[in-house]
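Chain by chain, the residues:
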Amino acid sequence: MRRSARLGLTALVLAVGTGKGTGADLQGFAAINRGRYLAAAADCGSCHTIPGSNHPFSGGRPIETPFGILVSPNITPDRETGIGAWSDDEFDAAVRKGRRRDGKLLYPAMPFPYFARMSQQEVKDIRTYLATVEPVHNAVAVNQLPFPLNQRAVMMVWDRLYFAPWTFKDEPSKSKEWNRGAYLVQGPGHCGACHTPKTFLGGDKLSKPLQGYTLQGWVAPDITSGQGPLGQWSVDDLSQYLRTGHNRFAAAAGLMGEVVELSTSKLSDGDIYAMATYLKDVSGPRPAADSSGDSSVLAAGGAIYQDLCSACHKSDGTGVPNLIPNLAQAATVNTGDPTTVLRVILQGAQSVATDREPTGPAMPAFGWQLNDTQVAAVATYVRNHWGKAPPVSADDVNKERKALDARTN
Amino acid sequence: MARKLPRKDVVIIGLGWTGAIMAYELAEAGLDVIAIERGPWRNTATDFPPGYAADELRFRIRHELFLRPGQTTFTFRNKASQTALPIRNWGAFMPPNGVGGGGVHWNAETWRFLPSDFVLKTHLTERYGAGFLPEDMTIQDWAVTYDELEPHYDKFEYLCGTSGQAGNIKGTIMEGGNPFEGPRSRPYPNPPQDQPFSHTLFAKAARDLGYKPFPQPSGNMSRPYQNPLGVRLGPCTYCGFCEWFGCGNYSKASPQTTILPALIRNSNFSARDNSEVTRIDLDSSGKRATGVTFVDTAGDEWEQPADLVVLSAYTIFNVQLLLLSGIGKAYDPSANTGVVGRNFTHQTVSDVVSFFDSAKFIFNPFIASGAIGMCIDEFNGDNFDHAAHGFVGGGYVGQVQTNGRPIETTPVPPGTPLWGAEWKQAVKENYQSATKPGTGVHGSMYSYRDVYVDLDPTYKDRFSRPLVRITMDFHDNEIKQNKFLTDKFAEIFEAMGAKQVHKEYRKAPYDITKYQTTHLCGGAIMGSDPNTSALNRYLQNWDVPNLFVLGASAFPQNAGYNPTGTVAALAYWAADAIRTKYLKNPGQLINA
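Per an unreviewed UniProt entry, chain B goes by the name GMC family oxidoreductase and belongs to Bradyrhizobium sp. LLZ17. Per its UniProt entry, chain B bears the Sequence similarities (unreviewed entry) comment "Belongs to the GMC oxidoreductase family."

An unreviewed UniProt entry annotates chain A as Cytochrome c of Bradyrhizobium sp. LLZ17. Of chain A, the UniProt comment under Subcellular location (unreviewed entry) reads exactly: "Cell membrane".

Asks: Which residues make up a nonpolar patch on the surface, and what values do they have?
Replies: A surface patch of nonpolar side chains, about 530 Å² in accessible area, is lined by Met156(A), Val157(A), Leu161(A), Phe200(A) and Leu201(A). Within the fold, Val157(A) resides in helix H7 (residues 154-162).

Asks: If you had to explain the UniProt feature "domain: Glucose-methanol-choline oxidoreductase C-terminal" (unreviewed entry) in chain B to someone new, which residues and values would you point to?
Replies: Per the UniProt annotation, the sites labelled "domain: Glucose-methanol-choline oxidoreductase C-terminal" (unreviewed entry) are residues 452-571 of chain B. Taken as a whole, residues 452-571 of chain B contains 24% helix and 19% strand, while its terminal C-alpha atoms sit 23 Å from one another.

Asks: An account of the UniProt feature "binding site: heme c 3" (unreviewed entry) in chain A is needed here, citing residue identities and associated values.
Replies: Residues and elements named next belong to chain A. Mapped onto the present numbering, the UniProt feature "binding site: heme c 3" (unreviewed entry) falls on Cys309, Cys312 and His313. Along the polypeptide, Cys309 turns up in helix H13 (residues 295-313). Judged by its relative accessible area of 15%, Cys309 falls in the buried class. Leave out the neighbours within four places in its chain, and Cys309 touches Ile304, Lys314 and Val378. For His313, the location among the structural elements is in helix H13. Ignoring any residue separated from it by four or fewer positions in sequence, one finds His313 in contact with Tyr305, Thr318, Gly319, Ile324, Pro325, Leu327 and Met363.

Asks: Before we move on, could you go through the packing of helix H8 (residues 176-186) of chain A against helix H12 (residues 269-280) of chain A and cite the residues and values that matter?
Replies: Each pair of packed helices can be described by the angle between their axes along with the distance between the axes. Residue and element names in this part refer to chain A. With their axes 7 Å apart at the nearest point, H8 and H12 run at an angle of 90° to one another. Compared by their axis directions, H8 and H12 come out roughly perpendicular. Here Glu177, Trp178, Arg180, Gly181, Ala182, Leu184, Val185 and Gln186 of H8 lie close against H12, whose contacting residues are Asp271, Tyr273, Ala274, Met275, Thr277, Tyr278 and Leu279. Grouping the constituent residues of the contact of H8 with H12 by class yields 9 nonpolar, 3 polar and 3 charged.

Asks: Report on the pairing of strand S15 (residues 348-355) of chain B, specifying residues and quantitative values.
Replies: All names here are of chain B. For S15, the tally of buried residues reaches 8 of 8 residues, placing the bulk of the element in the interior. Bridge analysis of S15 against strand S19 (residues 441-443) gives 3 bridges, and the strand direction is antiparallel. Across the sheet, the residue bridging to Ser350 is Val441, located in S19. Where S15 and strand S22 (residues 500-504) come together, 5 bridges link them in antiparallel fashion. By the bridge assignment, Val352 is partnered in S22 with Lys503.

Asks: Mind laying out the pattern of salt bridges, listing which residues take part and the relevant values?
Replies: Residue and element names in this part refer to chain B. One pass over the full model with this rule turns up 42 salt bridges over all chains. A salt bridge links Glu276 to Arg38, with the shortest nitrogen-to-oxygen separation between them at 3.1 Å. Placement of Glu276 in strand S12 (residues 276-282) and of Arg38 in the loop between strand S3 (33-36) and helix H2 (44-47) is noted, with a sequence separation of 238 residues between them. Assessed through its relative accessible area of 17%, Arg38 is described here as buried. In this structure, Asp461 engages Arg465 in a salt bridge whose closest nitrogen and oxygen atoms are separated by 2.8 Å. Taken as a pair, Asp461 and Arg465 share a single burial class, namely buried.

Asks: Could you give an account of helix H6 (residues 120-130) of chain A, with specific residues and numbers?
Replies: The element H6(A) is largely enclosed, with a buried count of 8 among its 11 residues. Three or more residues of H6(A) are buried, namely Glu122(A), Val123(A), Asp125(A), Ile126(A), Arg127(A), Thr128(A), Tyr129(A) and Leu130(A).

Asks: Before we move on, could you go through the confidence of the model for chain A and cite the residues and values that matter?
Replies: When the pLDDT values of chain A are averaged, the result is 88; 92% of them are 70 or greater. Confidence over residues 1-22 of chain A falls short of pLDDT 50; this stretch has 22 contacts with residues more than four positions distant or in other chains.

Asks: Can you break down the confidence of the model for chain B residue by residue, with the values?
Replies: For chain B, per-residue confidence averages 97 on the pLDDT scale, and residues scoring 70 or more make up 100% of the total. Both confidence scores are given for the complex: pTM 0.91, ipTM 0.88.

Cut-offs and rules
- The numbers attached to residues start from 1 for each chain and follow its sequence in the written order.
- All chains are assigned letters beginning with A, and all ligands numbers beginning with 1, in the order in which they are written.
- The predicted nature of this model means local features are confined to residues of pLDDT at least 70 and side-chain atom pairs, given and counted, to a pLDDT of 80 or more, with totals for whole chains, interfaces and linings taken over all residues.
- As a rule here, side-chain values come from all non-hydrogen atoms in the structure, and water together with hydrogens is ignored.
- UniProt positions are given in the numbering used here, feature names are shortened, and annotations may be inferred rather than shown by experiment.
- Like charges are joined within 9 Å and nonpolar side chains (Val, Leu, Ile, Met, Phe, Trp, Tyr) within 5 Å, but only among residues with over 30% relative accessible area and no salt bridge; these make up the patches.
- The Shrake-Rupley method, run with a 1.4 Å probe sphere, supplies the accessible areas, and residue values consider only the shown protein chains as cover.
- Throughout this description, the term salt bridge denotes a Lys or Arg side-chain nitrogen within 4 Å of a carboxyl oxygen of Asp or Glu.
- Numbering of helices and strands starts at the N terminus; helices are DSSP runs of H or I of at least 4 residues and strands are runs of E of at least 2.
- Three labels apply to residues, based on accessible area from a 1.4 Å probe with only protein chains included: buried if under 20% of the type maximum, exposed if over 50%, partly exposed otherwise in between.
- Pairs of residues are marked as contacts when any of their non-hydrogen atoms sit within 4.5 Å.
- Note on method: axes are straight lines fitted to C-alpha atoms, helices fitted across the in-contact stretch only, with angles between N-to-C directions ranging 0 to 180 degrees.
- The labels follow the angle: roughly parallel below 35 degrees, roughly antiparallel above 145, roughly perpendicular from 65 to 115, and oblique for the rest.
- Amino acids are sorted into nonpolar (Ala, Val, Leu, Ile, Met, Phe, Trp, Tyr, Cys and Pro), charged (Asp, Glu, Lys and Arg) and polar (every other residue, Gly among them).
- Pairs of strands are assigned from DSSP output, requiring at least two bridges between the strands.
- What pLDDT conveys is the predictor's confidence in a given residue, as a value from 0 to 100.

Below you can see the structure in the form of structure tokens.
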């Protein structure tokens, strides 16, 4: 019943859409379908939808950057507040060149440096698909940055430094699969937008691709085959994670949970496997030398761990495959930056639920129960007992607690 | 005046096990389903976090997960000649509340009834003659057979990931399982849980006495499990906080850990929590339900129209809602007419607390899980010849010690002061070396003409509706049955080497203040005759065919087992009938 109602709505939108003077072929199923798939691969929905909203792509979601808050624009086909009145070329310029309709420059929260790897035809297909979604009237005040960052002209400098538009070219020495994966990771998937370390101007550190970064209160860990989790994961482990949000080691939560829910879980098994194949082949630095916490801190943390954590994560930290993350090998635990582990201890986290893994298990918050010293002890324990990550201080916890209290997401 | 909401295909009253099962099955069939639940929504991580999930005071003593008596209660009396008075603190049973219902706080003891339980009246009459049954006993056949329910039992066990040892696979008796159980189509999905020391010792003593002990089938996971809906459960940690508690680590089968994650992914399902259904609405003919009326927390009244109404609240509230909605004829015990409220039953649970030499026995009773235990079934149902004993019915007995929680489980020898230094000393001496089985004797209670439910003439709820009134007492048959079972149970503890065995028989009059189990049954029973049953064999109401009533309220009498397995199997059975029969031809499925 619900399904037929949806079809009816889509048909209506299609009928309205054809009157809009866009060049897109709205009668063409193939183009719409390709566009839908690429829009999922590019994860347009994450940034351009307020989570939980029934109006996908209608914008208004705050995107936190080191420079201030940007708000995503409405990309539904609404003519006044969305992109309904845009030409295909204008849309292409925005997605692949970082230029707005008025010629001004986009901030790189819009990952056009990655999207530049897509072809003009592919972007046109995305546009064709977006023209079929329900138009929503929603005017968004996009730029909320302070002066002088709110002057888009500053982006000219940034573009010159960090934006090298080039289309994707296959690496002939590598397999077809590897090349497909490389394209998806470097292009529409824009994995580096979160996982590549940034310069002080917010540009990618091109010498350290995919070696980990922290943004919006979450650690995006190193996803090379070096010191990050992927060193231990097989291609199948990684595929399963991207497809379902869970595998024998980990559960996707927070921003990565959104990526799985709205993007990677909607890709074909072949494309997922290709991305995993490519990522497993990206080399990275080896783990740093041992760094241990104080033995009394470890003892205190171990006691808290046995009381509060071991019921789910088990005494040996191995968790339960596809349900409870393996702390002994967790990327977000065994990394230099404790942001995620502190966030999850203090606030809890819900992992993603997907059609193939509908459970969506969650971890409860412990911030109400443990003080900063106790959180620091248990965090140090889980980071140090099985791994080699540096200790966490009560000050670190206090800072994170305050940051979380101030957060709106 | 109620405000009217958009029509749905199905409205479900109560989102516990049966509501969740029905919602999932009908949403999968493509119907637009809404469930309305009196209590709050509950999630594992946020509502049962390990930081306080094991708080006995909060959950066991102060009844965190249960209905608040201020929201609604019931009145009770033993005999029709007495005046019933309202209950202000839950006692003999616990009315569940909130999404997941009793499935959140149960121990997860997942039994099937015996094949003969479903044809009880016929079976006992054939074996012992009609004159053997007490004159005022009103037991009936169920109008559904074990064989018909078997696939649905199986479906529920695989939904839950039940841990157990099969005793009878397609007629072949399996070593280590219950040899008395009906034939099952395949083994349990998971092996039994590991047994604590006292349970192992009990099994050995029982075996030495010639019985066939087996591990109790359990919805506590013996290993990680993914069910057929794709939902995952984790292994049990044997913390001993199951009954009265939500499971904080996804280890106990509940609607939250087995169905709801899959159910809520259906766009044609929605739920409304904190909303109390006050009546089932009927059209002017009184033969068709048009939907339900409910009240939200603001006190606003809403009408939810629907083509099909599924009543799946707790036993007494199912009966109350039928009575308040004027559906079916109310039972009148003096005239012995009417169907709604008749054949109401509970259970006869009793204890044997045993004290062992603390120098030789250390049981570590805190290592426990909700449905852990070694049981024997020799004295259940009609597994033994009752002719010489002068009663019918029975139950399983077992060392089913589900916890060693500090407030509740501090057994001390009879004669010990109830508090103070001497009591503390006795607790200290006996804590590790005493056994206190929770549902050690889990006996049947059969139905009688003078045990029933109706509306109270005096007391009203917050909506000015009459409270439901329970009239219940034990009869000689149940007292004899309980004495017999308790004595048999005690013999096993003596064989284990207990130095002191203390029997706590279940006695008349029925005591509403002392907890037994939450297994209330009957009141809106199923059967083949509309004059003696409220529902047909598909749990379809005889008077209002677009109303199905799920739950133990459908049991014509209670058997000697925990009811959840049968409650769930009946829900699947009814869902199957709706999907394969009713939807094709909506109307009365049985002509009687």
